Amino acid sequence: KSSTMFMKAWAHLCKLGGNALSLVPELTPSFDRMVIKDPAGLEANFLNQWLNLDGPHNKSLKVWELTTPLDLVRGTFELTCTKLEKLRQLMKSVLEENNNQEQALRLSRLTLTCAYTWVCLVKAEGLRDTNLILFINADARPRLEPPTPANYFGNCVTGHLAVAERNDLLGEKGLAVAIKAITEAIRSLDYGVLSDAENRLSHLLTIKKGEVAHRIAGIAGSPRFELYNTDFGWGKPTKVEMISIDKTGAIRVSESRDDARGIEIGLVLKKHEMEVFASVFAKGLGVL
C-alpha cells in the first residue's frame, strides 16, 4: 500500500504540477511511528527471532538472497466480471447441494480469484507436498487498536495462512476447499489482527528453513489499489506488472484494465508449468 501511495503521489504531481504540499490528504504520507502501539512487546520478540534465524545473535544486515531461475516465463490472466459472477453462482449451487448456508463461505471477487488461481496452480505444478499454504496479506492499519491513519507510510501488514491438503484441492470440490481455507484465514482477523502474532513469525521461519514440508504461495497486490488509475499525464497505463514476483513466486492480483469489476492475475512459472496452467485456467472457465 505504501509503494502504491508513493506512485500515485508521484503521478499526481507529474500530471497536475505543484509540490508535495499540494498533495491531497490521502496521498500525503504520515511518517509518525509513534502511532503504532506495542503493549505485548512484539517488536522485541520478532527481533530476537530474526537474530537467531541463522545462528545465535546473527547481526548480519544482508537481506535474503532471492534468485531468479533462467527458465521462467511471465503470464497474465484475467477473470472478467462475467466469469467471476458465474463462479459465484457455481459455488452457490454447490453449497445448496450440500445444505450449506451461502454466508458460510466468502464469495467475494478476490476470494473467488485467489481460490480459482490456487487450484489451477496446484494442478499446473504437479506438487507432491501434502500440505499446501496460501499466504494472504492483510492491511493492519484499520485493524490495530487504536487504528493507524490510512496514509501511514511504512510496513503495516500482517499475514494469515490458508491451509489445505493437496488431494483435496485436486478433487472435484477443490474450488470449494480452497474457498473454505481462505474464508477461515480471513475470519481469523475477527480475533484481532495481531492475534497469535507472537507465534506466527516462528511458524513462518520454520517453513522457510524447510523443517516442515509445505508448499507456500503468496498473494501480492490488491484490486483495491487501482493501479491502472495511476496517470502520470500520459493516460491510463497500458500494462501493470509487479517485478518482485519473479523472485518470490507470488500470485499478483490487481483490477483489470478495461473491466471495472474484473481482476487481473500475474504469474511467473517454468515454461511447461505456465502452459499447463494456461490450459487448466481456460478449460475451467470454458465450462462455466
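Just above sits the structure.
Residues numbered from 1 in each chain as written. Predicted model: local features only at pLDDT ≥ 70, side-chain atom pairs only at ≥ 80, totals over all residues. Heavy atoms only, no water.

Trainee: Which residues make up unusual backbone geometry, and what are the values?
Mentor: A cis amide bond links E145 to the next residue, P146, at an omega of -5°. Residue placement: P146 occurs in the loop between strand 2 (131-139) and strand 3 (157-165). In this structure, E226 takes a positive phi of about 50° despite not being glycine. Inspection of the secondary structure puts E226 in the loop between strand 4 (214-220) and helix 8 (245-248). (Helix = DSSP H or I, 4+ residues; strand = E, 2+ residues; numbered from the N terminus.)

Trainee: Please provide a residue-by-residue account of the pattern of salt bridges, values included.
Mentor: The full count for this structure, using the stated rule, is eleven salt bridges. Salt-bridge contacts for R141 lead to D139; the nearest nitrogen and oxygen are separated by 2.8 Å. Among the ionic pairs, E241 bridges to K239, the shortest N-O distance being 3.1 Å. Of the residues examined, K239 reaches a relative accessible area of 40% and is grouped as partly exposed. (Salt bridge = Lys/Arg side-chain N within 4 Å of Asp/Glu carboxyl O. Buried < 20%, exposed > 50% of the residue type's maximum accessible area, 1.4 Å probe, protein only.)

Trainee: Lay out the layout of surface pockets in plain terms, naming residues and giving numbers.
Mentor: Counted as a void, the second largest pocket has a volume near 460 Å³. Along the walls of the second largest pocket sit 19 residues, with L90, Y116, K123, E172 and L175 positioned nearest its centre. Of all the secondary structure elements, the ones that give two or more residues to the lining of the second largest pocket are helix 3 (81-97), helix 4 (109-125), helix 6 (174-187) and helix 9 (271-286). Here the lining of the second largest pocket is built from residues that sort into twelve nonpolar, three polar and four charged. (1 Å grid on protein atoms, 1.4 Å probe; cavity = no way out; pocket = protein on both sides within 12 Å on 5 of 7 lines; lining within 4 Å. Points joined across faces, edges and corners; volume = space filled by probe spheres on them. Nonpolar A, V, L, I, M, F, W, Y, C, P; charged D, E, K, R; others polar.)

Trainee: A description of a nonpolar patch on the surface should follow, citing residues and the corresponding values.
Mentor: On the surface, a nonpolar cluster with roughly 310 Å² of combined accessible area is contributed by F6, M7 and W10. Tracing the backbone through its elements, the reader meets W10 in helix 1 (residues 2-16). (Patch = residues over 30% accessible without salt bridge, like charges linked within 9 Å, V, L, I, M, F, W, Y side chains within 5 Å. Areas by Shrake-Rupley, 256 points an atom, 1.4 Å probe, with all protein chains shown as cover.)

Trainee: I'd like a rundown of the nonpolar core, residues and numbers included.
Mentor: Of all hydrophobic cores here, the largest spans 43 residues; its most connected members are W118, L134, F277 and F281. At ten residues, helix 4 tops the list of elements feeding residues into this core. In this view, F277 contacts F77, T117, C120, L121, A124, L267 and L269; residues no more than four positions away in its chain are not counted. V35, A140, L144 and V193 belong to the second largest nonpolar core, which has eight residues in total. (Core = buried A, V, L, I, M, F, W, Y, C linked by side-chain atoms within 4.5 Å. Contact = heavy atoms within 4.5 Å.)

Trainee: With reference to specific residues and values, describe the pairing of strand 6 (residues 263-270).
Mentor: Along strand 6, seven of the eight residues are buried, which leaves the element largely enclosed by surrounding structure. Bridge count between strand 1 (residues 72-79) and strand 6: eight bridges; the pairing is antiparallel. When the sheet's bridge partners are listed, E78 is paired in strand 6 with E264. Alignment of strand 5 (residues 251-255) against strand 6, held across four bridges, turns out to be antiparallel. Counterpart to R252 in the pairing with strand 6 is G266. (Pairing = 2+ DSSP bridges.)

Trainee: Tell me about the packing of aromatic side chains, residues and numbers included.
Mentor: Within this structure, the stated rule accounts for eight aromatic pairs. Between the aromatic rings of F77 and F277, the centroid separation amounts to 4.9 Å while the plane-to-plane angle is 70°, which identifies the pairing as edge-to-face. With F77 in strand 1 and F277 in helix 9, the pair connects residues that are 200 residues apart, well separated along the chain. Taking relative accessible area as the criterion, F77 reaches 13% and is therefore assigned buried. Geometrically, the ring pair formed by F232 and W234 is stacked, given 5.7 Å between the ring centres and 20° between the ring planes. (Phe/Tyr/Trp six-rings, centres within 6.5 Å; stacked < 30°, edge-to-face > 60°.)

Trainee: A description of the environment of L27 should follow, citing residues and the corresponding values.
Mentor: By the secondary structure assignment, L27 is in the loop between helix 1 and helix 2 (42-51). You can call L27 buried: its relative accessible area is 13%. Along the backbone, L27 and M7 are 20 residues apart, and their C-alpha atoms lie at a distance of 9.5 Å. For L27, the residues in contact, after removing those within four places along its chain, are M5, K8, A9 and H12.

Trainee: Report on the packing of helix 3 against helix 4, specifying residues and quantitative values.
Mentor: For the pair helix 3 and helix 4, interaxial distance at closest approach is 10 Å and the crossing angle is 85°. As summarised for this structure, helix 3 and helix 4 are arranged roughly perpendicular, according to the angle between their axes. Seen from helix 3, the contacting residues are L84, L87, R88 and M91; seen from helix 4, they are R109, L112, T113 and Y116. Here the contact of helix 3 with helix 4 is composed, by residue class, of five nonpolar, one polar and two charged. (Axes fitted to C-alpha atoms, helices over the stretch in contact; angles between N-to-C directions. Parallel < 35°, antiparallel > 145°, perpendicular 65-115°, else oblique.)

Trainee: Explain the side chain of T117 to me, using residue names and the numbers behind them.
Mentor: Relative to the helices and strands, T117 resides in helix 4. The buried category is assigned to T117, whose relative accessible area is 1%. A polar atom in the side chain of T117 sits 2.8 Å from the backbone oxygen of T113. Beyond its immediate sequence surroundings of up to four residues, T117 is in contact with I251, I265 and F277. (Polar contact = N/O pair within 3.5 Å; in protein donor to acceptor, adjacent residues only side chain to side chain.)

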